[in-house]
4 protein chains.
Amino acid sequence: MRGNTFGRIFQIHTYGESHGAGIGVIVDGCPAGYTITREEIQTELDRRRPGQSSLTTDRQEADPVQILSGMLDDVTTGTPIHMFIPNKDARSKDYGPLAQLYRPSHADFTWQNKFGIRDPRGGGRSSARETAARVAAGAIARILLVQEGVAIHSWVTQVGPIAMKHQPEHPDRSLIDRHPVRCPDPETAREMNDYITQLKEAGDSTGGVIMTRVTGCPPGWGEPVFDKLHADLGKAILSINACKGFEIGSGFEGVAWKGSEHNDQFVDTAQGIRTTTNHSGGIQGGISNGMPIEFRAAFKPVATIRKEQQTVDKDGHSVQFSGTGRHDPCVVPRAVPIIEAMTALVLADHFLRQKTSKR
Amino acid sequence: MRGNTFGRIFQIHTYGESHGAGIGVIVDGCPAGYTITREEIQTELDRRRPGQSSLTTDRQEADPVQILSGMLDDVTTGTPIHMFIPNKDARSKDYGPLAQLYRPSHADFTWQNKFGIRDPRGGGRSSARETAARVAAGAIARILLVQEGVAIHSWVTQVGPIAMKHQPEHPDRSLIDRHPVRCPDPETAREMNDYITQLKEAGDSTGGVIMTRVTGCPPGWGEPVFDKLHADLGKAILSINACKGFEIGSGFEGVAWKGSEHNDQFVDTAQGIRTTTNHSGGIQGGISNGMPIEFRAAFKPVATIRKEQQTVDKDGHSVQFSGTGRHDPCVVPRAVPIIEAMTALVLADHFLRQKTSKR
Amino acid sequence: MRGNTFGRIFQIHTYGESHGAGIGVIVDGCPAGYTITREEIQTELDRRRPGQSSLTTDRQEADPVQILSGMLDDVTTGTPIHMFIPNKDARSKDYGPLAQLYRPSHADFTWQNKFGIRDPRGGGRSSARETAARVAAGAIARILLVQEGVAIHSWVTQVGPIAMKHQPEHPDRSLIDRHPVRCPDPETAREMNDYITQLKEAGDSTGGVIMTRVTGCPPGWGEPVFDKLHADLGKAILSINACKGFEIGSGFEGVAWKGSEHNDQFVDTAQGIRTTTNHSGGIQGGISNGMPIEFRAAFKPVATIRKEQQTVDKDGHSVQFSGTGRHDPCVVPRAVPIIEAMTALVLADHFLRQKTSKR
Amino acid sequence: MRGNTFGRIFQIHTYGESHGAGIGVIVDGCPAGYTITREEIQTELDRRRPGQSSLTTDRQEADPVQILSGMLDDVTTGTPIHMFIPNKDARSKDYGPLAQLYRPSHADFTWQNKFGIRDPRGGGRSSARETAARVAAGAIARILLVQEGVAIHSWVTQVGPIAMKHQPEHPDRSLIDRHPVRCPDPETAREMNDYITQLKEAGDSTGGVIMTRVTGCPPGWGEPVFDKLHADLGKAILSINACKGFEIGSGFEGVAWKGSEHNDQFVDTAQGIRTTTNHSGGIQGGISNGMPIEFRAAFKPVATIRKEQQTVDKDGHSVQFSGTGRHDPCVVPRAVPIIEAMTALVLADHFLRQKTSKR
């Protein structure tokens, strides 16, 4: 009821605060018999953690994950897999004065209204540190998908006003991770890098857009009415901190087209029936159609900036405030593995759901 | 598991096919003691039904709703409220040949892959007729919200390439419904109308964008991690047929701003602590902050067009096809009450969830 | 949240009041591709309906079920199957004065406290008429089980103080239904019949015990911790009106045994590994072990009796009361198909759940 | 889907194996603002742990609970409360040969069939050690109930053939815990003690019955159809290892009574409307009626005994086997706090559910 659970069959439960003992996740519903090592999970976590480059926060969270149940000699046993990531580099004193004021565009004010109490140390559970639990869980979901031939790639296609002109035909991780900004086009990546560096110096921040392409998803995944595959993806992505928009296939641009231009024509191919175009973004009627699933997510500028801002304290008194913690000027490079993880969680769940759809 | 249920406490279950006996919905979890008449529910349904104007399909579905349980003298009793809308004007013969082919950008192909069987009459359960059940349920959700002072307004802000320049400060239903296109700006409405009429004559179709504003929502609704209020709204809206995108507050446009421009500054007001701007769209950290909730939804061009198209039959053979049924050239005017209904369902559910958040 | 839903994958939602328009059920999650006719469902309902013999109430409810969605030419399509049973023989005037008082050992008082409002006509939704919806849904669940070779038989083993001495080795429906009391031993059945007839004349009532045996259930169904197969069966059976106890295998009697007597010894057989005794009742560690599943359910005496009783009205004033409606003096014969239905619902659900347990 | 979650609003998720890193539980849905110390939780755990007396196993599990999230200065914050109990005294070598055979009346065989893999160390997750997580969670549930004036007491009323004659009018924990067997009647407790000691020496085991009484529960808790309060209690109790039966109020004995004897007569009292007798066991129509809730649970003899037994190995070959681990000869004394915990979890959940039942 408090929204700390995600998924129906492949289900995860997360917990933990930014500056408590640690954060963690229970993966419940992973079928028995899949092989995965701690190192594979750690690799995914390492892509998310801060301090990977000068573009991201300087916090050196090592994020070493512990697997505390559900595995026997690197094989899943069908019981809940609990993964725990201790908080190492907490420095909770950094946030002392924050307990008294509401940071602009943060969750301090709303959280206080919701629960009547909040953990002010580092934003408590509203901190993006919570997303590490999602990435750990996503690493396990990914194993199921790899076995089915499904591959997920996300990359940064826009930072502030700087956008890629053409999307890569065959994105792969080595291409995407070559530059810390996680844009697969080297020149655009450099421009994005310069822009972020400039904002960092100015004590300001910006937003961006992440593109995702899923290949190898067979036709038939997704449920037709409320749990349409893109509706579940949309919720998954919009639940990531700072995400303000989600669009699939032709998205907002496609609204201006005509039906005769937009419709994807079916043809028979060696791989089975496919479409000549993919304005649907791989999903029709909420169910995958065998084409690549393509969607884009918008992230707002990071709310914590060094520049001085006006706000109020908990009694409504006006106060000056400038962020002093260690924060990214742009969240999108680190959001790439989080989006991939959430996508994997949605797809693994629908893969299992599909096992019960017909006799 | 099959995605016919929506909501957690205020929960609905829908059923029914386009050309079967009828469609319906069980509203389960509405608290006892709310008053609502059949006529109030019918009023909402009448806004959704086709045949309201020359812009929408000519089918004359009367959609008279029957309330079969859960009410005593127009008062909710706490038991499941079952509403049934019989299918009157089915004409299932219209769709005979469709059983053999996959209509472009429809759910025929994916549905067949999912279940191995499909009801080809009028698209079966993939038909937008299913959304009538949502509207009926939304009418009941709305009653809870009205009691809390919450008001929901959606309107058409774009049709094809024609978009409103300025959004109304105080939208109301009489303004929105004055023109069948449901755009509150009379001049833009006329332009939209002309464009749709032109497409109808050409046997083509288009898409559009719907804007929604929720006022009166108190701070504290929404759950902080996976069930963020805008994530649940996003899923709700994306689950509506033909919806391809969702954005809240500054959305995709806001990604290019700087943090110092985007952050909403808190101030103390007579109504309590509020923000001077509303780029957050009324939700921060997934929880309502007391400001208007504002989001936009993108709808693709209607897939059924009279123009001839190429597709394949179930054996993969190439066939010519042109839509002969009665269909809207643009779905957005009728999508307005559906979006309002889904919004009401999400908010009523989070209103009840919030009752259990603190001691 | 209001408890009108049962099951996780094979899931049902029921609605309806005793004297409203009718009662019904949505079966959601039945896989596509199973064949079942309306007549097969009606056959199960006919076993439950009152007026089958002089032992049961004289109400002649025909209970003709309507299938309103989810089927195409008697084949399940994977969409929600809605079944509706109109209320024909309501005679709501019989219950007029009941609106003012709390019948002893009925749900009038508790319902009023829960919801602040109640439908007094025939007990509203607290009436056992609600169980017809379970029986209709169970008929569909049964189809899945038959395909897997699973058979369910329940029978009356005790009425008041009269109990069967030996349980049948191979119960079958023709044997059970031969006598209206649904006890497969002819002599005991006659004694039970005489006892019930005697109570009916005296305006009194009694209870009884129902035994259930499930054969053909393969090893591996049931979930090990909270959703143990017998825990889910227990909840299912205890949720039937008037049920006060549930025991599996050796049950309450087995507590006095020694472990060395109680343990079921494993042996290898032509059918696979089985046990020489079955004190476990076919379930070990919450998971089926391939032996027959055997459990017993206790039903209290029917609360509505013609004999005069003392109670209070809604203002707490003492009043005399005697039941005037048409009611069974003993509920167990009619509870037999309800128990079979609930058992089928639990097993069909766990059958589908098991499809996702391993790679 | 794998049954490691319990509850709807006050919800718990458990994980962990007997001989892995530890076991734990996330309590999700506890409202913000309740005060509870680690010591209060530990006190409950100490009642469950083995090694409390010569009657229970000699294993000295200290079971020190760690609270890793969801609390701020001993106050719940509304976020998930994660509690972890490390495994200290594992000695996994004790169980080596067990990997190759199926212990009689254990979950080895069924678990293997379910998942195709099992953790043989100490029974893995099928071990009763899992119940420590329930007790920790129940300690938090109890805090909510104490605030509402609800008190829960369980005690041992039967061990093997030795049963209490009269149940205590006002059970309290000091009375119950005075003797390690947890029977509040001193003389019966001694007899039970002698019987257990005797079985221990003989390398055998026995079962027992636990009685529970809940006082202070207001009328109105419980949901009327599938989630009847006693159905949810029944499932909760039956999900405890070794439980084979559950009965409420008059239970199996009451079936032989007449309705005129069994009905509970309503009267007006200073506390409100109550009943003169309590054969209903405090629940009518699935909803609490303000009277004490009374139920009994049957536990089978402990399956692990030192006496030699016959069984098969995983290849079906006949083998001799005798339990060598440290095990209780009778589980009921330690099951007392587990039953109290499960009862608290059910009631806390229904307390929160009731908050949304009426306007």
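Residues numbered from 1 in each chain as written. Chains lettered and ligands numbered in written order. Predicted model: local features only at pLDDT ≥ 70, side-chain atom pairs only at ≥ 80, totals over all residues. Heavy atoms only, no water.

Visitor: Give a detailed account of the packing of aromatic side chains, specifying residues and quantitative values.
Guide: All chains considered together, the criterion is met by 34 aromatic pairs over all chains. When the centroid spacing of 5.5 Å and the interplanar angle of 40 degrees are considered together, the rings of Trp221(A) and Phe351(A) count as tilted. In this pair, Trp221(A) sits in the loop between strand E11 (208-215) and helix H6 (229-238) while Phe351(A) sits in helix H8 (residues 332-354), placing the two residues 130 residues apart along the sequence. We classify Trp221(A) as buried; its relative accessible area is 4%. Geometrically, the ring pair formed by Phe266(A) and Phe109(B) is tilted, given 5.2 Å between the ring centres and 55 degrees between the ring planes. Of this pair, Phe266(A) sits in strand E13 (residues 266-269) while Phe109(B) sits in helix H2 (residues 108-115), each in a different chain. In this structure, Phe266(A) and Phe109(B) share a single accessibility class: buried. Members of the aromatic cluster, joined through ring pairs, are Tyr102(A), Phe109(A) and Phe266(B). (Phe/Tyr/Trp six-rings, centres within 6.5 Å; stacked < 30°, edge-to-face > 60°. Helix = DSSP H or I, 4+ residues; strand = E, 2+ residues; numbered from the N terminus. Buried < 20%, exposed > 50% of the residue type's maximum accessible area, 1.4 Å probe, protein only.)

Visitor: Can you tell me about the interface of chain A and chain B, naming the residues and giving the values?
Guide: Where interface size is quoted, it is often the accessible area lost as the parts come together. Contact residues are listed per partner, giving 109 residues for chain A and 110 residues for chain B. Both sides together, the interface formed by chain A and chain B hides about 8,400 Å², and carbon and sulfur atoms give 60% of it. Its largest share of buried area at the contact with chain B, chain A owes to Met1(A), Phe226(A) and Lys244(A), together 11% of the area lost on that side. At the boundary of chain A with chain B, the tally comes to eight salt bridges. When the shortest N-O distance is used, the salt bridge between Lys235(B) and Asp232(A) registers 2.6 Å. Remark: the boundary between chain A and chain B carries 55 residue pairs in polar contact (both at pLDDT 80 or more). Within the side of chain A that touches chain B, the residues separate by chemical class into 41 nonpolar, 42 polar and 26 charged. (Contact = heavy atoms within 4.5 Å. Buried area = accessible area lost by both parts, 1.4 Å probe. Salt bridge = Lys/Arg side-chain N within 4 Å of Asp/Glu carboxyl O. Polar contact = N/O pair within 3.5 Å; in protein donor to acceptor, adjacent residues only side chain to side chain. Nonpolar A, V, L, I, M, F, W, Y, C, P; charged D, E, K, R; others polar.)

Visitor: How would you sum up the sheet that holds strand E19 (residues 318-321) of chain C? Please name residues and give values.
Guide: Within a beta sheet, neighbouring strands are joined by backbone hydrogen bonds and run either parallel or antiparallel to one another. Residues and elements named next belong to chain C. Strand order across the open sheet formed by three strands is E8-E18-E19, with antiparallel pairing between neighbours. The open sheet has two free edges, formed respectively by strand E8 (101-102) and E19, since each of these has just one partner strand. Sheet analysis places strand E18 (residues 309-313) next to E19, joined by four bridges and oriented antiparallel. Following the sheet pairing, Gln310 is matched in E19 by Gln320. (Pairing = 2+ DSSP bridges.)

Visitor: Talk me through the sheet that holds strand E9 (residues 151-159) of chain C; I want residue IDs and the actual numbers.
Guide: Judged by pairing direction, the sheet is antiparallel, and its ten strands sit side by side in the order E10(C)-E9(C)-E11(C)-E17(C)-E12(C)-E11(D)-E16(D)-E10(D)-E8(D)-E9(D) without closing on themselves. Both edges of this open sheet fall to strand E10 (162-163) of chain C together with strand E9 (162-163) of chain D, since each of them pairs with a single strand only. With seven bridges joining them, strand E10 (residues 208-215) of chain D and strand E16 (residues 293-299) of chain D adopt antiparallel strand pairing. Its bridge partner lying in E16(D), Val209(D) is registered against Ala298(D). Running at roughly 55 degrees to E9(C), helix H5 (residues 186-201) of chain C makes contact with E9 and E10 of chain C of the sheet. (Axes fitted to C-alpha atoms, helices over the stretch in contact; angles between N-to-C directions.)

Visitor: Please set out the side chain of Asp227(A) residue by residue, giving values where relevant.
Guide: Within the secondary structure, Asp227(A) is located in the loop between E11 and H6. Given a relative accessible area of 4%, Asp227(A) falls into the buried group. Here the side chain of Asp227(A) touches Arg353(A) through a polar contact of 2.7 Å, side chain to side chain. With near-sequence residues (within four places) excluded, Asp227(A) lies in contact with Arg8(A), Gly222(A), Asp232(A), His350(A), Arg353(A), Gly3(B) and Lys235(B).

Visitor: Give a description of the relation of the copies chain C and chain D that names residues and reports values.
Guide: Of the transformation placing chain C onto chain D, the axial shift is 0.0 Å and the rotation is 180 degrees, giving an RMSD of 0.0 Å. Taken together, the rotation and translation describe the operation of a two-fold axis. (Least-squares fit on C-alpha atoms with pLDDT ≥ 70 in both.)

Visitor: Explain the pairing of strand E3 (residues 22-28) of chain B to me, using residue names and the numbers behind them.
Guide: Residues and elements named next belong to chain B. Of all seven residues in E3, seven are buried; the element is thus mostly enclosed. Burial of the side chains of E3 extends over both faces: Gly22, Gly24, Ile26 and Asp28 are buried on one face and Ile23, Val25 and Val27 on the other. Pairing analysis gives six bridges linking strand E2 (residues 11-16) to E3, with the strands arranged antiparallel. Among the inter-strand pairings, Ile12 is bridged to a residue of E3, identified as Val27.

Visitor: Describe the interface of chain C and chain D, and please don't skip the residues or the numbers.
Guide: On the chain D side, the residues contacting the 108 residues of chain C number 110 residues. Regarding the contact of chain C and chain D, the summed buried area is about 8,400 Å², with carbon and sulfur atoms giving 60% of it. In this structure, the connection of chain C to chain D is made through eight salt bridges. Seen at the junction of chain C and chain D, the total is 55 residue pairs in polar contact (both at pLDDT 80 or more). Per-class residue counts for the side of chain C that touches chain D are 41 nonpolar, 42 polar and 25 charged.

Visitor: Requested: an account of a negative patch on the surface, with residues and values cited.
Guide: All names here are of chain B. On the surface, Asp185, Glu187, Glu191 and Asp194 cluster together into a negatively charged patch. Summarising the element assignment, Glu191 is placed in helix H5 (residues 186-201). Residue classification places Glu191 among the partly exposed residues on the basis of a relative accessible area of 42%. (Patch = residues over 30% accessible without salt bridge, like charges linked within 9 Å, V, L, I, M, F, W, Y side chains within 5 Å. Areas by Shrake-Rupley, 256 points an atom, 1.4 Å probe, with all protein chains shown as cover. Lys, Arg positive; Asp, Glu negative; His and termini not counted. Charge placed at Lys NZ, Arg CZ, Asp CG, Glu CD.)

Visitor: With reference to specific residues and values, describe the relation of the copies chain A and chain B.
Guide: Once chain A has been moved 0.0 Å along the axis and rotated by 180 degrees, it coincides with chain B to within an RMSD of 0.0 Å. Here 100% of the interface residues in chain A have copies in chain B that are interface residues too; the copies meet face to matching face.

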